[in-house]
Amino acid sequence: MHAPLEKARSRKRQFLPPQFVRAMLAGHSALGLAFAALIYIVCITGTVSVFMFELQRWEQPDIAPIDRPLTADEVGAAINAGYAQAVADKAAHDMFVMGPSPRAGHNRLMINYHDHETGAEGSWLASPSGELIARAHAPWTEFVTELHTSLHLPRTWGFFLVGLTGVALLSSLISGILSHPRILKDAFYLRRGGSWRLQEADLHNRLGVWGLPFHFVVSLSGALLGLSVLIVGVLALAAYDGDSEKAFAAILGPRASADETPAPAPDVPAMMRSVEMRLPGAQFTSARIDHIGEAGQVVHLGMRSPGHLALANTYYFKGDGTPLGDGGLESGGIGQRILGLLQPLHFGWFGGLPIKLAYGLLGLALSVITFTGVTIWLARKRDKGTPVPRWEKFWMGIGWGQPFALAASAIAALYGSPAIILYAYLATATLALLVAMIAADMHAAGRVLRLACAVALVFLIVVYLTVWAARIVDPLAWALTAVLAFIAMLMAIPALKRAEARASMLVPAATEG
Amino acid sequence: MVVRGTGVARSPPQKYHTRTVDNATSARIVAAAPNRAPLGLIFTGEARALELLETYLVPLATAAGVLLFVCGVALLRLSWLGKRPGNVPYLISGWMLIAGAFWAFFRAWDVEVGVAYGLIVLALAAYGIIILRREIRVPKVQRAREAALEPEERPTNWPRAIAKALLSIVLAGIAAIGVGVAFAVAMPLATHDRIVVGGLLVPVLWGAGMAWTLSDSKLLRATLLLVGISAVGYAVAFLPKVLA
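Please read these numbers as outputs of a predicted model, since none were measured by experiment.

Conventions and cut-offs
Residues numbered from 1 in each chain as written. Chains lettered and ligands numbered in written order. Predicted model: local features only at pLDDT ≥ 70, side-chain atom pairs only at ≥ 80, totals over all residues. Heavy atoms only, no water. Core = buried A, V, L, I, M, F, W, Y, C linked by side-chain atoms within 4.5 Å. Buried < 20%, exposed > 50% of the residue type's maximum accessible area, 1.4 Å probe, protein only. Helix = DSSP H or I, 4+ residues; strand = E, 2+ residues; numbered from the N terminus. Domains from an automatic or database assignment. Contact = heavy atoms within 4.5 Å. Pairing = 2+ DSSP bridges. Axes fitted to C-alpha atoms, helices over the stretch in contact; angles between N-to-C directions. Parallel < 35°, antiparallel > 145°, perpendicular 65-115°, else oblique. Left-handed = near helix turned anticlockwise from the far one by under 90°. Nonpolar A, V, L, I, M, F, W, Y, C, P; charged D, E, K, R; others polar.

Trainee: Looking at this model, I keep getting lost on the nonpolar core. Mind explaining?
Mentor: The tendency in soluble globular proteins is for nonpolar side chains to be buried as a group. Membership of the largest hydrophobic core comes to 142 residues, with the highest contact counts inside it found for Trp 140, Phe 350 and Tyr 359 of chain A together with Trp 206 of chain B. Ranked by the residues each element gives to this core, the list is headed by helix 4 (residues 88-132) of chain B, at 16 residues. Looking at which domains feed residues into this core, each of domain 2 (56-134) and domain 3 (158-243) of chain B supplies at least three. Leave out the neighbours within four places in its chain, and Trp 206 of chain B touches Phe 160, Leu 164, Val 167 and Leu 227 of chain A together with Ser 168, Ile 169, Ala 172, Gly 173, Ala 176 and Ile 177 of chain B.

Trainee: Before we go on, may I ask you to explain the sheet that holds strand 6 (residues 283-290) of chain A in this structure?
Mentor: Remark on secondary structure: sheet strands pair via backbone hydrogen bonds, oriented parallel or antiparallel. Residues and elements named next belong to chain A. Strand order across the open sheet formed by eight strands is 4-3-2-1-6-7-8-9, with antiparallel pairing between neighbours. Strand pairing shows two members of the sheet lacking a second neighbour, strand 4 (132-135) and strand 9 (323-326), which therefore form its edges. Strand-to-strand, the axes of this sheet are offset by a mean angle of 20°, without reference to chain direction. Judged from the seven bridges that link them, strand 6 and strand 7 (residues 298-304) form a sheet pairing that is antiparallel. What sits directly across from Phe 284, in strand 7, is Met 303. This element, helix 4 (residues 72-88), spans strand 1 (94-98), strand 2 (109-114), strand 3 (121-126), strand 4 and strand 6 of the sheet and lies at about 35° to strand 2. Sheet strands touched by helix 10 (residues 268-278): strand 6, strand 7 and strand 8 (313-318). Its angle to strand 7, the strand with the most contacts, is close to 45°.

Trainee: Before we go on, may I ask you to explain the packing of helix 2 (residues 18-49) of chain A against helix 12 (residues 352-383) of chain A in this structure?
Mentor: Think of two packed helices as two axes; the pair is described by the angle between the axes and how far apart they sit. All names here are of chain A. Relative to each other, helix 2 and helix 12 sit at 150°, their axes nearing to 9 Å. Taken together, the axes of helix 2 and helix 12 lie roughly antiparallel to each other. Crossing geometry of helix 2 relative to helix 12 is assigned as left-handed. The residues of helix 12 that touch helix 2, namely those facing Ser 29, Leu 33, Ala 36, Ile 39, Tyr 40, Cys 43, Ile 44 and Thr 47, are Gly 360, Gly 363, Leu 364, Leu 366, Ser 367, Thr 370, Phe 371, Val 374, Trp 377 and Arg 380. Considering only residue class, the contact of helix 2 with helix 12 consists of eleven nonpolar, six polar and one charged.

Such coordinate-based values are descriptive only and should not be taken to indicate function.
Here it is in C-alpha cells:
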C-alpha cells in the first residue's frame, strides 16, 4: 500500500532524508512524552503569569490604579514612608520600589522591603503622593507565578527543573522543525473532523510553525532565567574564585559593600533628576536600595526612555548620590541589551494590554501544542491497533485537570488562608486525575473535567463578587471577572454540546439494540 | 487662519505655504457634516497636515502594518493553494506585503520594538487565517498522500532508556555549560557581551544536544563526542585559572 507513496517520494530530492526525519521524529516523540506534563504545567501557568500585574489588581480591587508616571518628589515621599515602615517592622535592610509602568501593565506604586538575616519582610501599596495605603495582598498571583518559576520546590531545585523544562521545550522545537519535512506543503492545512491523528497533527504543526519566533524566544529566555544560577555558579568557579555574588555583580551591577555604619537613606529624587537632565523624558519605573540606611548602600534606579523593549535602563548610585554608571540595558552593548530584553520578552511586558493579550493567545497556543503532542502519540497507538485507553484518560486528567485545579486554588485563596492554596491545587489536580481514570473513556473524562472547571470558575466569580463587589474601585476587576465568565462559558458549552451529540447518536443504536 | 471645529487660531510656521479653504466651501462642508468638521476641514495647510501625520503616524502605520500582514499571509495562502508557476505572483506579492508590514511597524515603533510587534502580529494573522479557512471533514477519511512519516521503530530496554536520558540530560548539559562558560571566559569581547552570549549558548546547545542524542541510535558515538566537547570546553574555561 505504501510502495507507490515511497516511489513518489523518492522521485523528488528531499531536503531532509526520510531516515533522518524518522530518527528525529523518534527523538522528538520520546522527549515530548518524557517532559509533556512538566512543559504543559509551565506553559499554562506562564500564560496566566503574563497577566500577573492585572491579577494582583483583581485580588485587591479596592485600590485605585495609577495611570501616570510619578514625579521625583512623589517617589521620594514613597521611599521615605516605606523606609519608616520598614524600620517599624524591623525589616529595613533591602528595599524595592516599583512605580507605575503602563507598558508592562503595572499601574501601582508598590514598596517591598526585607531583611534576609531575620527573614522579616513587608509589602505595601502606596498612593501617588507616596502615602502607604494598604499591605499588598495577592496570594493567588504569587502562588501561580511561583508555580511557573519554581514549581513550589525549594528555590534552587525548582529554578533548575523549570530551566531544564525550558531546554526540553527548546529541544522539542529544534527536533520538531527537523522532523517536519512538509513544513511548506502543509503550511495552511487545518483539517478538522477527519482522522483524529491528522486533526491533532495539523493543529500541533500549524500552531507550532507560525508561532515559532514566540515559542523560541519564550523557551530560550525561560531556560536561561531558570538555569542562570547553575551557569553563573560554574562561571564563578572558572573566573571569579568561586564567588557567585561577584559573578552576578559583573552582570547585574554593583552590590552593597559590607560597611554597616549608619547613614541617611539615599536621596533618590536627586538621582532621578540627574538622569532626567541627561535623558529628558526618562520615566521612573523602579528603585532597589541594598543595605538601606548603611554607609555601604547602593541604589539601582530604573528609568525608561521611549523606543526600547527593555523595561528600563538601570542607573547605579552610591548612597551619597555618587553615580556608578549604568547597566546599558537600553542602548549599551549587545550583551547588556539582551539582558534588558529577557524579562519583557519572556512575559510580554513591553506593549501594554494588546501585547499581553497576544502573549496570552500565543501562550495558550504553546499549551495546546504540548497537549496535542501527546494526543498525536495516543492517536498513533490507536491507528496501529494498540490503543492505550488508560494513558488517554490520564492525559485528559492532566490537560483539563490543570485549569480546574487552578480555578479551585483561586477559590481557596479567596476563602481560606494563603497556606492552603498549594494543598487545594494539589488535591484538585489529584482528584481530576482520579475522575479521569474512572471515566468511561477519554472523551467522557475531558467532558466531565471541562464542566467541573466551568462550575469552579462560576463558583469563583460568585465568591469573588460576594467578597469584593461593594468595594471594587479598580475597573479592571470587573473586566477580569467578565473574562473569567467567558472562559467558563468556553469550557462548558462545547462539553455540553458534545454530551448532547453523543446522547443523540446513542438513541438509534439503543433502539436498534 | 482658523482650525475649524476647534475654534483655536493657529499660525503655521513661516517656511510652509498655506492652502486655505474659501468661506463658501467651508460653509458647505460644515453644513453637510457638522459633526465631522474637525476632520473634514482640518487640512488648511501642509504644516498642519504634517503635524497631524506626526500625531497619527503610530496608529496609522500600525493599522496599515496589521492590514498588510493579514493581506500578505492571505496571498501566501493563495500561492499555497495554487500550482507553479501560476502561484509565483502570489508568493512574491505575499512576501512583499509582509516586508512592507514590517517597514510600517519600523516607521511606527522603531526597529527594536517593531520587530517584536511584527512577529507577534504575523503569528496571530496566520493563526486567524488558518482557523477561518479550516477544512471540515467526514470522520476517518485520510488520503494516502497525507500519511506522515512514522517515527523510527527501535528496540529499547530500561538500561538503554536510562543511558539515553543520562546522555541527553546530564552529559549534553555538562557539555553545553562547558562551551557556554568557555565562551564567557575566553572570548575577546566586553564582559557583559561574553557572559550573556555565553549564557544564551547554554540552553541552545543543550537543547540541540538533547535533540541529537535522542535521535541518534548510536550511543557510543554520542557519548564520545559529548565527552570530547566537554573536555575542550572546560579546558578552555579553567585553563587561565590553572595557569595563573
